[in-house]
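Coordinates in review
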Amino acid sequence: MQFTLDSLAHVIACLQEENSYYQITHKPKILSGNKMQFPAQQNTVYFGVLALPENVNAHLFYNGDEVIKIDDLSQAYQTFTECKFYDNDGNEIDGKGFFRGFIIQMQTP
C-alpha cells in the first residue's frame, strides 16, 4: 500500500499495526465555531487539520503524552487523542477554531 505521511490510509495502517485485534472505522468531520471539543475517549483518535483564531492556543496529546502546542493564528495537520484549548494568558477555554478531518474509532469485532 502506498500513502503519504499525512494520509488517512497511513494513520489507519499504523493503528492497525498497533491494535490488530480491533476493527477500525472512521467518520469525516468538519467542526467550527466556539464549542469544539476533542475529549480523551478510549479507542478514539482524531486526525486532520486544526486551525486556530487569535488568542486561542491548543495542546494536542496522544495517549496522554503531549505531542505539540499550536499557537494562535496557526494550524497543524496532526493525529491526536485529546486536545485542550487555552487563551494567550494560559487559561483553559472552550475550543474555538476550525477542524477538518476524521474521527477514528477502534472497536472490538
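Residues numbered from 1 in each chain as written. Predicted model: local features only at pLDDT ≥ 70, side-chain atom pairs only at ≥ 80, totals over all residues. Heavy atoms only, no water.

Focus on the sheet that holds strand 7 (residues 92-93)
An order of 4-3-6-7 is seen for the four strands of this open sheet, with the pairing classed as antiparallel. Bordering the open sheet on either side are strand 4 (65-70) and strand 7, each of which pairs with just one other strand. As judged from the five bridges shared by strand 3 (residues 57-62) and strand 4, these two strands associate in the antiparallel manner. From the neighbouring strand, Phe61 faces strand 4, where its bridge partner is Glu66. (Pairing = 2+ DSSP bridges. Helix = DSSP H or I, 4+ residues; strand = E, 2+ residues; numbered from the N terminus.)

Focus on the environment of Ile104
Here Ile104 shows up in strand 8 (residues 95-107). Along the backbone, Ile104 and Val11 are 93 residues apart, and their C-alpha atoms lie at a distance of 9.3 Å. Sequence-distant contacts of Ile104, defined by excluding residues within four places in its chain, comprise Leu8, Val11, Leu15, Ile24, Thr25, His26, Asn43, Thr44, Val45 and Phe47. (Contact = heavy atoms within 4.5 Å.)

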